[in-house]
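Observations on chain architecture
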Amino acid sequence: MITRREALMGTAMAAVVAGMPPFATEARAAVGRPDIAALPRQKVMLVTPPFVHAHEQVASGGPKIIEFTMTIEEKPMVIDDEGTTLQAMTFNGSVPGPLMVVHQDDYVELTLVNPESNSLAHNIDFHAATGALGGGELSLVNPGEQVTLRFRATRSGTFVYHCAPGGPMIPWHVVSGMSGAIMVLPRDGLKDEKGEPLRYDRIYYVGESDFYIPRDRDGRYKSYESAGDAYQDTMELMRGLIPTHEVFNGRVGALTGDNAMTANVGETVLIVHSQANRDTRPHLIGGHGDHVWEQGKFANPPAKDLETWFIRGGSAGAALYTFLQPGIYAYVNHNLIEAVELGATAHFMVEGDWDDDLMTQVEAPKAIATN
Amino acid sequence: MSFDILHIIGGLAAAAAIPASLLGAADWLVDRPVEPPFPAAQTVAVSGRVAYPLPGEFLRDGRPAAAPRRLEEVAAFEIMTYQVSVLDYRRCVEAGACRQADARPGQALRTPVTGVSHLDAEAYAAWYSQATGGRWRLPSAAEWALAAGERFSGEDLPVVADADNPARRWLSAYRAESARGRASVSEPQPRGAFGANRRGLYDLAGNVWEWTATCYARSTLTPDGREIAGTVENCGVHVLEGRHRAYMSDFIRDGKSGGCAVGVPPDNLGFRLVREPRGTGLAERVRQAVRRVFR
């Protein structure tokens, strides 16, 4: 039975669709269907975030099949300085999983390995892919199995991927560490709002995670023998929606100190930022976002001169910035409680010459003048 | 019970812990509130001269400068052999004179109390003085430096003064902080875990930083850098000493959230007290002299 409201909504939607230009259809038709067997293949070794495997910013040839392999690792990981342990599930051993970079119209061919030593079934849902729950339906692997999935990267942008093995397993696997991102670059590279090319000298991938670690009666974080042992307590805590840890790259302080990200004055850095589960709002303290794809999709012109950008839970965005001053920059989730109390803080160490024109301390602190 | 008797049996570790260990039950404390006066903690007598970098920030020609080192004659004092423990502090809470600490739950009673602010430490000192009949207070930064001896570190961050590029100082300090070793564990450990210094004081520069009575201050140095031309004190912020020097607002109980945007904060905040000499009478001076000789 169709209610009156649904009928009205349906009519309105039909009108909108009828009035829309058939962009999407045209785009698909223009690309065509290449002969897969004839396409060149390229094997890419993934690297651990925040680093990103070597890649071309502008594609030098036509579409290719890019082959990746990721091994799922279930393992305990320490997530803060107190030694709190998460029974983590990871793509390729890291939280987040590695950033994969391809170009639009390339084919992503992923072999997903779930070693016998794991205890749970896993799969992968690519937000960049079309159909079969993002590939989740075609990629479920039990311990001791592997699967190979291929999808065509039809849309450019930064997209989350995550494990989604059904029902309550989905959020649990995600907040146990199973998410990452893929960046599908336009074949001719990034462009500003006028269509002029944009380039980056360095790229970093920051994957933000919300963790929910149960506490015992005394208020201490509990550790568990296995992920399965942690499930019941963790799920109960997750339902409250308040994380105990909100961190970049798997643990409090993962991108600080010796592991702080680096750059030089004058260099342009692309920061890809994902959060598979929860909204976040990156901010570079003392810097800006020169060009920001908040939603991460490169078909849209970048926003300019942002102070803070919003990454919706379940998405990845990209921010381009040219450093103008040396020093220590904090890169934070600008919910400052999450940044300082829950852990969502990273640092950039930037070398170079200070520009007095941009900022100077006119007079050092001194006692208030009384006369 | 006099101090000297306690000193003799001091090998049993903290005197304050004796009643509980003899009776074998911590609930002795819960059932029967401590009636003052009760035995004071084991202490070590300290006096002498100390050369140490002054706490606070220093400016010279409007630029950050290294802290000047001063040689100070410190009047004789006694300082607690161990940091104030969970058990010690609980007595103050039970007497209604101290607020419950934010210490991590389930800690052994002989663990140094942590999760305490400067205000908490001062409240404890006031109560403890009354309870024991002595004059107890937090040590000054100079007293702490003298007592800590070879365990004292004070400022250890390089001050790179580059008039054209303030970022050089920030970067070098950041690198030094990153390279600075941390205690192997951040969780407070039972008393004695970090060993004694040459004076016999335990757990200095372990993973519990200690509040001092010294205020944070910013001073302007004379152009030659030798004298202090002027100082603005902020006594809402006090100096903490430990593996490295830190400054915290008086109400902060957790070093991790009390620091600034970048930098490695203290693992835990705690304290130990000093006792001022009881008097200048002959008997007291003889007692102190004898104790010094036999230490």
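Residues numbered from 1 in each chain as written. Chains lettered and ligands numbered in written order. Predicted model: local features only at pLDDT ≥ 70, side-chain atom pairs only at ≥ 80, totals over all residues. Heavy atoms only, no water.

**So, the overall build of chain B**
Secondary structure assignment for chain B yields nine helices and 10 strands. Burial statistics for chain B: of 295 residues in total, 47% are counted as buried. Taking contacts inside chain B between residues at least 6 apart in sequence as the whole, the part at least 24 apart equals 72%. Just so you have it, chain B exposes about 13,400 Å², and 54% of that area is on carbon and sulfur atoms. (Helix = DSSP H or I, 4+ residues; strand = E, 2+ residues; numbered from the N terminus. Buried < 20%, exposed > 50% of the residue type's maximum accessible area, 1.4 Å probe, protein only. Contact = heavy atoms within 4.5 Å. Areas by Shrake-Rupley, 256 points an atom, 1.4 Å probe, with all protein chains shown as cover.)

**Re the confidence of the model for chain A**
Overall, the prediction assigns chain A a mean pLDDT of 92, with 91% of residues at 70 or greater. Taken as a whole, residues 1-30 of chain A scores under 50 in pLDDT and shows five contacts with residues more than four places along the chain or in a different chain. (pLDDT = per-residue confidence, 0-100.)

**Describing the interface of chain B and chain A**
Chain B puts 24 residues into the contact, and the matching count from chain A is 24 residues. For the pair chain B and chain A, the two sides together bury roughly 2,000 Å², of which 58% comes from carbon and sulfur. Our enumeration of links across chain B and chain A arrives at two salt bridges. Here chain B is connected to chain A by six residue pairs in polar contact (both at pLDDT 80 or more). For the side of chain B that touches chain A, the secondary structure elements donating two or more residues are helix 7 (166-179) and helix 8 (255-258) of chain B. (Buried area = accessible area lost by both parts, 1.4 Å probe. Salt bridge = Lys/Arg side-chain N within 4 Å of Asp/Glu carboxyl O. Polar contact = N/O pair within 3.5 Å; in protein donor to acceptor, adjacent residues only side chain to side chain.)

**Points about the state of the cysteines**
Residue and element names in this part refer to chain B. Applying the stated rule across the entire model yields two disulfides over all chains. Two residues, Cys92 and Cys98, share a disulfide whose sulfurs are 2.0 Å apart. Its S-S torsion of about 75° marks the bond between Cys92 and Cys98 as right-handed, since a negative value means left-handed. Residue Cys92 is classed as buried on the basis of its relative accessible area of 0%. With a sulfur-sulfur separation of 1.9 Å, Cys215 is cross-linked through a disulfide to Cys235. In this structure, the disulfide formed by Cys215 and Cys235 twists by about 105° around the S-S bond and is classed as right-handed. You can see Cys215 sitting in strand 6 (residues 208-221) and its partner Cys235 sitting in strand 7 (residues 228-241), a full 20 residues away along the chain. Ordering the disulfide-forming cysteines of chain B by sequence position, one finds them joined as 1-2, 3-4. (Disulfide = S-S within 2.5 Å.)

**Re the environment of Met77 of chain A**
All names here are of chain A. Tracing the chain through its elements places Met77 in strand 2 (residues 65-78). Look at Met77 and you get buried, because its relative accessible area is 19%. Considering only alpha carbons, one finds Met77 and Gln87, 10 residues apart in sequence, at a separation of 6.4 Å. Leave out the neighbours within four places in its chain, and Met77 touches Thr84, Thr85, Leu86, Ala88, Thr90, Gly93 and Val95.

**Focus on a negative patch on the surface**
Residues Asp353, Asp356 and Asp357 of chain A together with Asp164 of chain B make up a contiguous surface patch of negative charge. Tracing the sequence through the fold places Asp164 of chain B in the loop between helix 6 (141-148) and helix 7. Taking the relative accessible area as the measure of exposure, Asp164 of chain B reaches 59% and is therefore exposed. (Patch = residues over 30% accessible without salt bridge, like charges linked within 9 Å, V, L, I, M, F, W, Y side chains within 5 Å. Lys, Arg positive; Asp, Glu negative; His and termini not counted. Charge placed at Lys NZ, Arg CZ, Asp CG, Glu CD.)

**A few points about the pattern of salt bridges**
Residue and element names in this part refer to chain B. This structure, assessed with the given rule, holds 28 salt bridges over all chains. Put simply, Arg272 and Glu210 hold a salt bridge, and the shortest N to O gap is 2.8 Å. Within this pair, whereas Arg272 is found in the loop between strand 9 (268-270) and strand 10 (274-275), its partner Glu210 is found in strand 6, the two being separated by 62 residues in sequence. Of the two residues examined, Arg272 and Glu210, each falls in the buried class. Put simply, Arg245 and Glu241 hold a salt bridge, and the shortest N to O gap is 2.8 Å.

**Focus on the packing of aromatic side chains**
Taken as a whole and assessed by the stated rule, the structure comprises 23 aromatic pairs over all chains. For the ring pair Tyr321 of chain A and Phe323 of chain A, a centre distance of 5.1 Å and an interplane angle of 80° mean the geometry is edge-to-face. For Tyr321 of chain A, a relative accessible area of 5% corresponds to the buried category. With centroids separated by 5.3 Å and ring planes inclined at 15°, the aromatic side chains of Tyr124 of chain B and Tyr128 of chain B adopt a geometry described as stacked. With Tyr124 of chain B and Tyr128 of chain B both in helix 5 (residues 118-132) and four residues apart, this pair spans about one turn of that helix. Accessibility classification places Tyr124 of chain B together with Tyr128 of chain B in one group, the buried group. Put simply, the rings of Phe51, Tyr204, Phe248, Tyr321, Phe323, Tyr329, Tyr331 and Phe348 of chain A touch in pairs and so form one group of aromatic residues. A cation over an aromatic ring shows up here: Lys297 of chain A above the ring of Phe159 of chain A, its NZ or CZ 4.5 Å from the ring centre. (Phe/Tyr/Trp six-rings, centres within 6.5 Å; stacked < 30°, edge-to-face > 60°. Lys NZ or Arg CZ within 6 Å of the ring centre and 35° of its normal.)

**Looking at the sheet that holds strand 18 (residues 303-306) of chain A**
Residue and element names in this part refer to chain A. Strands sit in the order 13-12-15-19-17-18 across an open sheet of six strands; the sheet is mixed. Edge positions in the sheet fall to strand 13 (245-248) and strand 18, since each has one partner strand and no second. Pairs of neighbouring strands in the sheet enclose a mean axial angle of 25°, with direction left out of account. Across three bridges, the pairing between strand 17 (residues 289-293) and strand 18 is antiparallel. Across the sheet, residue Gly289 finds its bridge partner in strand 18, namely Leu306. (Pairing = 2+ DSSP bridges. Axes fitted to C-alpha atoms, helices over the stretch in contact; angles between N-to-C directions.)

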